[in-house]
Amino acid sequence: NFDSVDKSEKDALIKAKKLGFMYTAELTLFKLPFEEALDVVKSRNAYVNDGYAYISATAMVSIIVYKFQLELAQALATLFVRLSELNEERRLLPLIDNIYNMSLNKKKLLDAASRRPGYHVTPEMLDDLSKQSFPPCMQNIHETLRSNHHLKHFGRLHYGLFLKSIGLSMEDALKFFREEFINKITPERFQRDYSYNIRYNYGKEGKKVDMSAYSCAKIIGGCAPQSSDTHGCPFRHFDIQNLRKMLTRYDISENEIDEIVAIVEEKQYMKACSKYFEAKHKFPLQSDEFIYHPNQFYRESRRLLASGSSPIRDEIKNDENECTPNVAEVPMESTTENAETTSIVDESHIEEMKE
């Protein structure tokens, strides 16, 4: 449990200008011992006084995640000891061991499932793909890049990793961003200031880590976009007026927009994105299905368009401007492996759990 700062104390801090210009009386403020919030203090997102850190609700996300991870690790360690005392080595211990491996492999599975074996996305295909199958967070970044020929750091990071995950090669990524950016800067400056980060995303520079695309939770809970930024979740970070304009531009009906806005006002942002997916593809999800990752949104969209399960597939087939080859026309493989990686609900471990 975390204690929120009462109104009188918060008003006093704001009046004394201790919290900075971004804090207002409407924002929720939390107070906890500073040693429990070292990461937030280190990043200067907290006001420290008399051994306590005063932290906004937004900055509390990282603290809550850390405490959850810590308590989960402690609980699993305790569970492991107790189960070994009960001679559960054959039944439950292997399942617990797999939890860690499943979490490590989840990002790799999402990246791999976003691409079909042997299929390659090229820069020439991105305009059509963005309209057909990109989640709104990535479609918004793509449109901004096309119109402004520039993206700030987090926009480049989020979008670059997403493009990598759906099958854009490093060489094509360099070509794509270079052709956009040199509308405003020289090729020499692009090479000097921007190409390194693209190669870094692909694990070719720096620590040479194979980075994965950001999940919805990380986009929603991460660094909030400022006025000139393009990253972030539209359902979380757009005001209602701009969100309505965006959804109208994306051909969502007025009734469906009202439903999405109602969900957003309940602060259920991933559920709102799931509703948008349904409205865009004219395909209802099951009650227990929801969008939790941009790669998943893209993967499910391509699956629906390729299988003919979505009415908008016919519109795409008749579009004379469609890129060739058309991703929507690539037949889906019928193997069990592909069936598992294209489902919204990952069922790859169900049989293990049954045993």
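Residues numbered from 1 in each chain as written. Predicted model: local features only at pLDDT ≥ 70, side-chain atom pairs only at ≥ 80, totals over all residues. Heavy atoms only, no water.

An unreviewed UniProt entry lists the protein chain under the name DNA primase large subunit, from Leptotrombidium deliense. Per UniProt, the comment on the protein chain under Sequence similarities (unreviewed entry) is "Belongs to the eukaryotic-type primase large subunit family." The annotation that UniProt attaches to the protein chain under Cofactor (unreviewed entry) is "[4Fe-4S] cluster". (UniProt positions renumbered as here; feature names shortened; annotations may be inferred.)

**Quick word on the side chain of Ser-130**
Note that Ser-130 resides in helix α5 (residues 126–133). A distance of 2.7 Å separates a polar atom in the side chain of Ser-130 from the backbone oxygen of Asp-127. With residues up to four places along the chain from it excluded, the contact list for Ser-130 reads Gln-139 and His-142. (Helix = DSSP H or I, 4+ residues; strand = E, 2+ residues; numbered from the N terminus. Polar contact = N/O pair within 3.5 Å; in protein donor to acceptor, adjacent residues only side chain to side chain. Contact = heavy atoms within 4.5 Å.)

**A short note on the environment of Leu-305**
As for its placement among the helices and strands, Leu-305 is situated in helix α16 (residues 294–307). Residue Leu-305 is classed as buried on the basis of its relative accessible area, which comes to 0%. (Buried < 20%, exposed > 50% of the residue type's maximum accessible area, 1.4 Å probe, protein only.)

**Comments concerning a nonpolar patch on the surface**
On the surface, Phe-34, Leu-38 and Val-48 cluster together into a nonpolar patch covering about 250 Å² of accessible area. Looking at the element boundaries, Val-48 is found in strand β3 (residues 46–49). Relative accessible area serves as the criterion here: at 37%, Val-48 is assigned to the partly exposed category. (Patch = residues over 30% accessible without salt bridge, like charges linked within 9 Å, V, L, I, M, F, W, Y side chains within 5 Å. Areas by Shrake-Rupley, 256 points an atom, 1.4 Å probe, with all protein chains shown as cover. Salt bridge = Lys/Arg side-chain N within 4 Å of Asp/Glu carboxyl O.)

**Quick notes on the packing of α5 against helix α6 (residues 136–148)**
Contact geometry of α5 with α6 gives a least axis separation of 9 Å together with a crossing angle of 145°. Between α5 and α6 lies a crossing of left-handed hand. Contacts between α5 and α6 involve Leu-126, Asp-127, Ser-130 and Lys-131 from the first element and Gln-139, His-142 and Arg-146 from the second. Here the contact of α5 with α6 is composed, by residue class, of one nonpolar, three polar and three charged. (Axes fitted to C-alpha atoms, helices over the stretch in contact; angles between N-to-C directions. Left-handed = near helix turned anticlockwise from the far one by under 90°. Nonpolar A, V, L, I, M, F, W, Y, C, P; charged D, E, K, R; others polar.)

**Quick notes on the nonpolar core**
Residues Phe-134, Tyr-159, Leu-163, Phe-177, Phe-235 and Leu-247 are the most contacted members of the largest nonpolar core, which totals 56 residues. Leave out the neighbours within four places in its chain, and Leu-163 touches Leu-126, Phe-134, Leu-168, Phe-176 and Phe-177. Leu-32, Val-40, Ala-53 and Met-60 belong to the second-largest nonpolar core, a separate cluster that totals nine residues. (Core = buried A, V, L, I, M, F, W, Y, C linked by side-chain atoms within 4.5 Å.)

**Some thoughts on the packing of helix α14 (residues 254–265) against helix α15 (residues 269–281)**
Running from amino to carboxyl end, α14 crosses α15 at an angle of 165°, the nearest separation of the two axes being 8 Å. By the angle class used here, α14 and α15 are roughly antiparallel. Crossing hand, α14 versus α15: right-handed. Contacts from Glu-256, Glu-259, Ile-260, Ile-263 and Val-264 in α14 reach Tyr-269, Lys-271, Ala-272, Lys-275, Tyr-276 and Ala-279 in α15. Classifying every residue of the contact of α14 with α15 by side-chain character gives seven nonpolar, no polar and four charged. (Parallel < 35°, antiparallel > 145°, perpendicular 65-115°, else oblique.)

**A word on the pairing of strand β4 (residues 52–56)**
Across the five residues that make up β4, a large majority, four, are buried. Here strand β2 (residues 29–33) runs beside β4; their pairing, made up of five bridges, is antiparallel. For Lys-31, the partnering residue across the bridge sits in β4 and is Tyr-54. With four bridges joining them, β3 and β4 adopt antiparallel strand pairing. Considered in β4, the bridge of Asn-49 is made with Tyr-52. Between β3 and β4, which pair antiparallel and follow one another directly, the connecting turn spans two residues, one of which, Asp-50, has a positive phi of 55°. (Pairing = 2+ DSSP bridges.)

**Points about the packing of aromatic side chains**
On inspection of all chains with the given rule, the structure shows 17 aromatic pairs. With centroids separated by 6.4 Å and ring planes inclined at 80°, the aromatic side chains of Tyr-159 and Phe-177 adopt a geometry described as edge-to-face. Of this pair, Tyr-159 sits in helix α7 (residues 153–166) while Phe-177 sits in helix α8 (residues 170–181), and the two are 18 residues apart along the sequence. Residue Tyr-159 shares its accessibility class with Phe-177, and that shared class is buried. Taking 5.9 Å as the distance between ring centres and 65° as the angle between the ring planes, the aromatic pair formed by Phe-290 and Tyr-292 counts as edge-to-face. Among the residues examined, Tyr-292 registers a relative accessible area of 18% and is labelled buried. Aromatic rings pair up to connect Phe-134, Tyr-159, Phe-162, Phe-176, Phe-177, Phe-181, Phe-190, Tyr-194 and Tyr-298 into one cluster. Above the face of the Tyr-52 ring, Lys-31 is positioned so that its terminal group lies 4.8 Å from the ring centre. (Phe/Tyr/Trp six-rings, centres within 6.5 Å; stacked < 30°, edge-to-face > 60°. Lys NZ or Arg CZ within 6 Å of the ring centre and 35° of its normal.)

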